Amino acid sequence: MNLNDTKRFKELDSQDMIGAINELPDQLMQAWELGQKLELPAYEGVRQIVISGMGGSAIGGDLLANYGEPMLDVPIYVHRDYDLPAWAKGSETLVICSSHSGNTEETLSAFEMAEKNGCQILAVTTNGELAKRAKAAGAGLWVFEHKGQPRAAVGFSFGLLLAAVCRLGFLPDQGSEMAEAVAAMKAQQAHFLPEVPATSNPSKRMGGQFMGRWITVFGAGFLGVVARRWKTQLNEVSKSVATFEILPEADHNTLQGVMAPDEEFGASMVIFLESDHLHRRNQQRTEFTRMGIMLQGQNTDTIKAAGEGRLAHMWTTLHYGDYASYYLAMAYGVDPNPVPMIAELKERLDQAK
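Read on for an overview of the structure. All of these numbers come straight from a predicted model, not from anything done at the bench.

1. Brief notes about the pairing of strand 1 (residues 48–52)
Logical step 1: When you tally the buried positions in strand 1, you get 5 out of 5 residues, the bulk of the element.
Logical step 2: Alternating positions in strand 1 separate into two faces, Gln48, Val50 and Ser52 on one and Ile49 and Ile51 on the other, with burial throughout.
Logical step 3: Examined bridge by bridge, strand 1 and strand 3 (residues 93–99) share 5 bridges and lie parallel to one another. For Val50, the partnering residue across the bridge sits in strand 3 and is Val95.
Logical step 4: As judged from the 4 bridges shared by strand 1 and strand 2 (residues 76–79), these two strands associate in the parallel manner. Bridging across to strand 2, Ile49 finds its partner in Ile76.
Logical step 5: In this fold, strand 1 hands off to helix 4 (residues 59–68), which returns the chain to strand 2; that crossover is right-handed.

2. Quick notes on empty space enclosed by the protein
Summary: where empty space remains is shown by rolling a probe the size of a single water molecule over the atoms.
Logical step 1: Enumeration over the complete set of coordinates arrives at 2 cavities of 30 Å³ or more.
Logical step 2: Counted as a void, the largest cavity has a volume near 60 Å³.
Logical step 3: When residues of the lining of the largest cavity are traced back to their parent elements, those giving at least two are strand 3 and helix 7 (154–167).
Logical step 4: In terms of residue class, the lining of the largest cavity is made up of 5 nonpolar, 6 polar and no charged.
Logical step 5: Space inside the second largest cavity adds up to approximately 50 Å³.
Logical step 6: The wall of the second largest cavity is formed by Met17, Ala20, Ile21, Leu24, Arg151, Ala152, Val154, Arg229, Gln233 and Asp322.
Logical step 7: Taken together, the elements giving at least two residues each to the lining of the second largest cavity come down to helix 2 (17–22) and helix 10 (224–237).
Logical step 8: The element that contributes the greatest number of residues to the lining of the second largest cavity is helix 2, accounting for 3 residues.

How each quantity is defined
- Residues numbered from 1 in each chain as written.
- Predicted model: local features only at pLDDT ≥ 70, side-chain atom pairs only at ≥ 80, totals over all residues.
- Heavy atoms only, no water.
- Buried < 20%, exposed > 50% of the residue type's maximum accessible area, 1.4 Å probe, protein only.
- Helix = DSSP H or I, 4+ residues; strand = E, 2+ residues; numbered from the N terminus.
- Pairing = 2+ DSSP bridges.
- Right-handed = clockwise from strand over helix to strand, strands pointing away.
- 1 Å grid on protein atoms, 1.4 Å probe; cavity = no way out; pocket = protein on both sides within 12 Å on 5 of 7 lines; lining within 4 Å.
- Points joined across faces, edges and corners; volume = space filled by probe spheres on them.
- Nonpolar A, V, L, I, M, F, W, Y, C, P; charged D, E, K, R; others polar.

Structural data, given as C-alpha cells:
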C-alpha cells in the first residue's frame, strides 16, 4: 500500500487510532495535571507498591517502575495475573489496581485479595466493576475519561501513576521533566504525521521495512519496557508477529541464538533502541550486539531517543513505535483498532465460568 495515501488510512482506520497516537503528548500532560487534582488518601506506612493490571493498563506500571528505579524510595512490582503474591499483605503494601474498563477479571481478582490481605488500595479506571468495588470498600479511586482502546490510553496509565507516587513522596516532583518530555514528543512528531511523505517520514519508512518480517526489538535499562511496548503495539495494531529482548540479559543467551535457521534471516528485522542516558556499558552492548546480529545476516536498525532527559528519551522512543506500528497496519491494509482474536478468547472464558 502507498503510505502517502491518507485517504485510504481513513477508510481502514475505523476508530481513528491515528488521532489517538497524534494526541498522545497532550494525553500524557493531561494525565499528569489530572493526577495533581484528584483526591488522594494519605497512604501512610507504605513500604512496597504492587501495580495490578493487564495489557495497556499494566504497561504504565512498567514504565513507572523502570523510569523511577534510580529515584524511588520503595520497590514497585507489576503484577500481571490473578490474585497477588503471598508477600503482598498488610498496610505496608499499597496495591494500585489499574484497569481501563474496570472489568478486567485478573485485576478484580487482585483487588479482592488486596482487601482480604489488609492492603491499602488505589483503583485507577474509567469506571466499571472496579470503580464500584472501590467505592463500596472505601478505597482510593481515581477515575479518568477515555474512549477507545486501552493501548491508546498509555498516557493515562503512566501519567496518573507518576503523579500519585510523586504526591505520596516516593519520587521528587517530575513537573519539569514531564513538560520537557511532552515538548520533545511534539517536536519529533512533526516528522511522523500522516501528511508527511514517506521520503521525509522515518516512522513510515520503518513501517515499510517491517512488512513481511519477524520483528524483534531490543532495549536496555529504562528502554527495556519501551521495547515491550513496541512489541505489543506491533501485535495489536498491525496484527503482526513481534518479540522483544532486554539488555544486558539478552547478551547472556539470545545473542547466541541467531545462527539458525539462516534461510529465514532475510525475513527478520531487529531494532535497537538507543539513549545517551543508558549505562555506559549498556550503550556499548547495544552497538556490539547489533553488529553481531547484523554480521549473521539479519536486518538491523537503530532508533535514537530524542529530547534531553530520561523521561523524554523514554516517551519519544515509545511514540516512535506507536507510529511505526500504525504505518505497518496501513501497509498490510488492516484496521489498527479491533483485536478479534483477543475478543473471542474473552468470550470463551466468559462462557466457561
